[in-house]
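Given next are the chains, with one letter for each unit.
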Amino acid sequence: MVTVLIAIFLPFVCAALIPLLYRRLRRPIHLGWFVLSVPIILFLLLAMHIPQIAAGKTFIYTYEWIPSFDINFTTYLDGLSMIFGLLITGVGSLVILYSIFYLSTKESLHHFYCYLLLFMGAMLGVVFSDNLMVLYTFWELTSVSSFLLIAFWHHRKASRAGARKAMTITVFGGLSMLAGFLMLYVASGTFSIRAIIADVATVSEHTLFLPALFLVLLGAFTKSAQFPFHIWLPDAMEAPTPVSAYLHSATMVKAGIYLVARFSPVFGGELLWFWLVSGIGLVTLFWGSFNAVRQTDLKALLAYSTVSQLGLIMSLFGLGSVGHYFGYAESSIIYTQASFAALFHLVNHSTFKGALFMMVGIVDHEVGTRDIRRLGGLMALMPITFTIAVIGGLSMAGLPPFNGFLSKEMFFAAVIAIRDVEVFSIADVGILFPVVAWVASIFTFVYSMILIGKTFLGKLQPDKMDKKPHEAPIGMLISPLVLCTLVVGIFFFPNILGHYILEPAMASIYPTFPSASELTPHIYAWHGINTELLMTFGVVIVGVILFITLKRWKPVYRMFTQKYSFNAYYNSVITFSENSSAKLTNRYMTGNLTHYFVYIYVFFVALIAGYFVWSDAFAFNFAKDSAVESYELILIFVMMFAAVFMLFAKGRITVVLLNGVLGYSIAFFFVIFRAPDLALTQLVVESITTALFLLCFKYLPALMPENSRKRVKWSNAMISIFVGATVTLIGLAVVHYDKFEPISRYFNDAYELAGGSNIVNTILGDFRAFDTMLEVVVLLIAGLGVYTLIKLKPRKEETNHED
């Protein structure tokens, strides 16, 4: 499908063109105005297909990339990928518009927008990929590009540390996920997600199914900041606010959510999936909301609130997996509504959290601080920003008339309904689900009130602010106001979203169910007086009390000291790893070239010779060997003499000449064995290298003899003998090994396979083409590195200025 291909590759193409555009752009014109067109175009292209997706149609496109390994570039646009595609491009458009007014033209904008487009393209690649290997490639690209975005202000130590932590944890999870993908391939014989879902009955019986489930979830949990991997997300708040608003409300942290939703049809009916996804989600929900209350930085508060909201969404997908266990039945539809609530809150969270991040950015930009202790009384000076905070904050707290209320009520309904499920033997602990959800919601209400009240209400403290507070320019307010409009609009017209966006996504999560419309409940703002509404009343009452008495009970957080926090454990592991690796490196990196050769040769002999002995591969049969002629013996003795005499030579030129004797003797052997092209190549190379060595060594000082101890000399001699013997025996073993067909027989058909009449040229030019391409890439990277170092060389006036 052309639309999906454009959606994936247009951001990459534009990212490559940004440096060229930036050079020709007049500096007063903000680069963001040109970049803004990319997500808008993609959003409109995707939106054009909403009616078709809502009607149940899916779009598939396959480009055969490496078909021999079942790695094809297959894109798949269905209801689930459509939701994420619209969020990535829609919120991306608003974030870029916001960044135009947030970031100064003095910033390195060409780097910023290049990284942002790379991230956008990678995220779209993740959600539209059907092939597991292609999905993994884009998945890791999101980690790399997010690292660049988080560390955009690289002159700040905290930005660099936050970027490293985010990349370390998410890449670790990505590698685990890759192992899970490979296990799924072994179990199913395909990398296609659609094919795995279609054959889930067979895949689930494989012994690697449960390990694959655990490893895939590990990748999802690390990317979506689930407990205990949540520690990277607060540190990532050192990024510019547009990055936080994009990565941590609508895109990167939602990648793990997407993975869980996409693989629910594969793993959803398993006990382990239910407990891990719902259990870890609820723990993350509680821990994130509990820690958000103690924060004194507005972005840190939003970071922990994001962790909490992601846990809520994750737990809902876990609860919704019960529907996969029962299969399609009228009684099981009540459990599938948890997945619907997850999708609904996924959209709602992107709207209100994006608006809140932008609001905090406005406060920081116009007031000069994000410290809650230095804020207050901004309502009269920043009324529009206050309105944004109220709409976003109350939606996050789950109050009407905002969209967060609707999905929060559905969340309460899901945790109440799960109490009656006995198939997983949770009858005794089922009450914990609604209790934990209710307590976490109370803390959610409290930190929402802190966000609004401590920032905009109370007494103004101008002496503690870095700038005189004033309302932001209209350009910076447009994006959060658009999101706030969606927050309110979805509350009053939720079923438009439900029918056109959420219903087809439900069909993707439950593909074996006959009708997605039956799985899509009609969303009401009022259900009468029920348990969910009473829980909301309880949240508000208890939350107000806790907010009013905050100073009295907040000291309880002193019990949770940083000494025993997950951050402290992470830092301890990193410090231990760095110290251990430094000690190990200092042991073998002695600066002595002889030591390095000893390590290499000992490892070579132990590994290669040891394996040959262990596998009984040293097999010799000299009966079929050709007779050794007298002139061959003469050449052998000449080479032996040159090699041994080289060890006792006292001059560099003598060593070079003896080395030349070895090279030319090998060329003679090529002539004897009827390989004139190899002989000619050897003669040319040997002549050039010998001449160059002679020219260079002429100007070097005299060769000094080594004053090594006898023990060292004998050790080196033994290593040399073992290496030579190993290479000789391996050569003989390969010649006499007859258990496998010789590889050379495959190349005998070089003309039919590659159209080349010269077998040597064909091997070098066609069969080794991929290897040659990698060599060329290495040379290209080296050339770019040299060019970069030359360009980065300080100018003369800069050097004088530093002096």
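The preceding data block contains the structure.
What comes next concerns the included structure. Predicted model, so just to flag it, every value in this text is computed and none were measured.

## Regarding the overall build of the protein chain
In step 1: Looking only at helices and strands, one finds 37 helices and two strands in the protein chain.
In step 2: Summarising its shape, the C-alpha atoms of the protein chain cover approximately 105 × 70 × 55 Å along the three principal directions.
In step 3: Taken across its 803 residues, the protein chain has 49% of its residues classed as buried.
In step 4: In the protein chain, the proportion of contacts linking residues at least 24 apart, taken out of those at least 6 apart, comes to 80%.
In step 5: Carbon and sulfur atoms form 68% of the exposed surface of the protein chain, whose accessible area is close to 39900 Å².

## Quick notes on unusual backbone geometry
In step 1: Here the amide bond leading from Phe227 into Pro228 is cis, since omega sits at 0°, within 30 degrees of zero.
In step 2: Secondary-structure assignment places Pro228 in the loop between α11 (209–223) and α12 (232–235).
In step 3: With omega at 5°, the peptide bond leading from Pro400 into Pro401 counts as cis.
In step 4: Tracing the sequence through the fold places Pro401 in the loop between α19 (383–397) and α20 (403–417).

## Some points on the pattern of salt bridges
In step 1: Across all of its chains, the model carries seven salt bridges by this definition.
In step 2: Lys165 is the partner of Asp235 in a salt bridge, and the nearest nitrogen-oxygen pair spans 2.6 Å. In this pair, Asp235 is assigned in helix α12 and Lys165 in helix α8 (residues 157–188), connecting sequence segments 70 residues apart.
In step 3: A residue is classified by how much of its surface remains accessible, and Lys165, at 5% relative accessible area, is buried.
In step 4: Through salt bridges that share partners, Asp297, Asp364 and Arg370 make up one connected network.

## A closer look at the packing of α8 against α11
In step 1: Two elements in contact, α8 and α11, have axes whose closest approach is 7 Å; the angle formed by their N-to-C orientations is 155°. Taken together, the axis directions place α8 and α11 in an arrangement best described as roughly antiparallel. Seen from above, α8 lies across α11 with left-handed handedness. Along the contact surface, α8 presents Ile169, Thr170, Phe172, Gly173, Ser176, Met177, Ala179, Gly180, Phe181, Met183 and Leu184, while α11 presents Pro211, Ala212, Leu215, Val216, Leu218, Gly219, Thr222 and Lys223.
In step 2: When grouped by side-chain class, the residues that make up the contact of α8 with α11 number twelve nonpolar, six polar and one charged.

## Thoughts on the packing of aromatic side chains
In step 1: All told, the structure shown has 42 aromatic pairs when counted by the stated rule.
In step 2: Between Tyr185 and Phe191 the ring centres are 4.1 Å apart and the planes differ by 15°, which places this aromatic pair in the stacked class.
In step 3: Its relative accessible area of 29% is what places Tyr185 among the partly exposed residues.
In step 4: Consider the rings of Phe227 and Phe566, whose centres lie 5.0 Å apart with planes at 85°: the pair is edge-to-face. In this pair, Phe227 is assigned in the loop between α11 and α12 and Phe566 in helix α27 (residues 566–588), connecting sequence segments 339 residues apart.
In step 5: One aromatic cluster is present, built from ring pairs that chain together Phe227, Phe286, Trp287, Phe290, Phe443, Trp553, Tyr557, Phe560 and Phe566.
In step 6: Taking NZ or CZ as reference, Arg194 lies 5.4 Å from the ring centre of Tyr76, over its face.

## A few points about α11
In step 1: If you check α11, its first and last C-alpha atoms are 22 Å apart, about what 15 residues at 1.5 Å a residue would give, namely 21 Å.
In step 2: With respect to burial, α11 is a largely interior element, twelve of its 15 residues being buried.
In step 3: All of the buried residues in α11 are Phe209, Ala212, Leu213, Leu215, Val216, Leu217, Leu218, Gly219, Ala220, Phe221, Thr222 and Lys223.
In step 4: Phi turns positive, to about 55°, at Ala225, one or two residues after α11.

## Quick look at the side chain of Thr74
In step 1: With respect to the helices and strands, the residue Thr74 is situated in strand β2 (residues 71–77).
In step 2: Since its relative accessible area comes to 8%, Thr74 is described here as buried.
In step 3: Of note is the side chain of Thr74, whose polar atom sits 3.3 Å from the side chain of Thr62.
In step 4: Each residue touching Thr74, except ones within four places of it in the same chain, is listed here: Ile60, Tyr61, Thr62, Phe128, Ser129, Asp130, Asn131 and Arg194.

## Quick word on a nonpolar patch on the surface
In step 1: There is a patch of nonpolar side chains on the surface, built from Leu584, Tyr588, Met589, Leu593, Phe597, Tyr599, Ile600 and Tyr601 and spanning about 800 Å² of accessible area.
In step 2: Listing elements by their share of the nonpolar patch, those giving two or more residues are α27 and α28 (593–614).
In step 3: Ranked by residue count, the leading element in the nonpolar patch is α28, at five residues.
In step 4: Looking at the element boundaries, Phe597 is found in helix α28.
In step 5: The partly exposed category is assigned to Phe597, whose relative accessible area is 39%.

## Considerations on the packing of helix α21 (residues 432–456) against helix α25 (residues 531–548)
In step 1: Close contact between α21 and α25 brings their axes to 8 Å; oriented N to C, the two are set at 50°. Taken together, the axis directions place α21 and α25 in an arrangement best described as oblique. α21 and α25 meet at a crossing whose hand is right-handed. Of the residues in α25, those touching α21 at Pro434, Trp438, Ser441, Ile442, Phe445, Val446, Met449, Ile450 and Lys454 are Met535, Gly538, Val539, Val540, Val542, Gly543, Val544, Leu546 and Phe547.
In step 2: Partitioned by chemical class, the residues of the contact of α21 with α25 number 14 nonpolar, three polar and one charged.

## Details of the nonpolar core
In step 1: If you look at the biggest cluster of nonpolar residues, it comprises 213 residues, and the most contacted ones within it are Ile83, Tyr113, Phe181, Phe263 and Phe317.
In step 2: If you tally residues by element for this core, the top one is helix α18 (residues 333–367), at 20 residues.
In step 3: Every residue in contact with Tyr113, bar those within four places of it in the chain, is listed here: Ile18, His30, Leu31, Gly32, Val35, Ile96, Ser99 and Ile100.
In step 4: If you look at the next biggest cluster of nonpolar residues, it comprises six residues, including Met639, Ala642, Leu658 and Leu662.

## Quick look at the pairing of strand β1 (residues 59–66)
In step 1: As paired elements, β1 and β2 share six bridges and run antiparallel to each other. In the strand pairing of β2, Ile60 is matched with Tyr76.
In step 2: Connecting β1 to the next strand, β2, in antiparallel fashion are four residues, including Asp70 with a positive phi near 60°.

## Comments concerning the pairing of β2
The side chains of a regular strand alternate between both faces of the sheet.
In step 1: Buried residues dominate β2, accounting for seven of its seven residues.
In step 2: Neither face of β2 is left uncovered, since the one carrying Ile71, Phe73, Thr75 and Leu77 and the one carrying Asn72, Thr74 and Tyr76 both have all their residues buried.

## So, the environment of Val390
In step 1: Positionally, Val390 belongs in helix α19.
In step 2: Sequence spacing of Val390 and Leu86 is 304 residues, and the spatial spacing of their C-alpha atoms is 25 Å.

## Re the environment of Ala507
In step 1: As for its placement among the helices and strands, Ala507 is situated in helix α23 (residues 494–509).
In step 2: Taking C-alpha positions, Ala507 is 8.1 Å from Gly56, a pair spaced 451 residues apart along the chain.

## Here's the deal with the environment of Ile388
In step 1: In this structure, Ile388 sits in helix α19.
In step 2: Residue class for Ile388 comes out buried when judged on its relative accessible area of 0%.
In step 3: Considering only alpha carbons, one finds Ile388 and Arg652, 264 residues apart in sequence, at a separation of 79 Å.
In step 4: Not counting chain neighbours up to four residues away, the residues in contact with Ile388 comprise Ala355, Leu356, Met359, Leu477, Pro480, Leu481 and Cys484.

Thresholds applied
Numbering of residues starts from 1 in each chain and follows the order in which that chain's sequence is written. Under the rules for a predicted model, residues below a pLDDT of 70 receive no local features and side-chain atom pairs below 80 are neither given nor counted, while totals for whole chains, interfaces and linings still include all residues. Only heavy atoms go into the side-chain values, all of them from the structure, while hydrogens and water stay out. Secondary structure elements are taken from DSSP: a helix is a run of H or I of four residues or more, a strand is a run of E of two residues or more, and numbering for both begins at the N terminus. Whether a residue is buried, partly exposed or exposed follows from its accessible area with a 1.4 Å probe, protein chains only, as a fraction of its type maximum: under 20%, in between, or over 50%, in that order. Only heavy atoms matter for contacts: two residues are in contact if any of them lie within 4.5 Å across the pair. Areas reported here follow the Shrake-Rupley algorithm with a probe of radius 1.4 Å; residue values treat only the protein chains shown as occluding. Here, a salt bridge means any side-chain nitrogen of Lys or Arg that lies within 4 Å of a carboxyl oxygen of Asp or Glu. In this analysis an axis means a line fitted to C-alpha atoms, helices contributing only their contacting stretch, and an angle means the value between N-to-C directions, from 0 to 180 degrees. By the definition adopted for this analysis, an angle is roughly parallel if under 35 degrees, roughly antiparallel if over 145, roughly perpendicular if from 65 to 115, and oblique otherwise. Two helices crossing with the near one rotated counterclockwise from the far one by less than a right angle form a left-handed crossing, whereas a clockwise rotation gives a right-handed crossing. Amino acid classes used here: Ala, Val, Leu, Ile, Met, Phe, Trp, Tyr, Cys and Pro are nonpolar; Asp, Glu, Lys and Arg are charged; the rest, including Gly, are polar. Stacked, tilted and edge-to-face are the three classes applied to pairs of Phe, Tyr and Trp rings, where Trp contributes its six-membered ring and a pair requires centres within 6.5 Å; stacked means planes under 30 degrees apart, edge-to-face means over 60, and tilted covers the rest. Lysine and arginine charges are scored as sitting over a ring when NZ or CZ, respectively, is within 6 Å of the ring centre and within 35 degrees of the ring normal. Expected helix span is computed as 1.5 Å times (number of residues minus one). N or O atoms within 3.5 Å of each other form a polar contact, as long as, within protein, one can give a hydrogen and the other can take it, and as long as residues adjacent in sequence are counted only when both atoms are side-chain atoms. Candidates for patches are residues over 30% relative accessible area with no salt bridge; among them, like charges are joined within 9 Å and nonpolar side chains (Val, Leu, Ile, Met, Phe, Trp, Tyr) within 5 Å. To qualify as a nonpolar core, a set must consist of buried Ala, Val, Leu, Ile, Met, Phe, Trp, Tyr and Cys residues joined through side-chain atoms within 4.5 Å. Whether two strands pair depends on DSSP finding at least two bridges between them.

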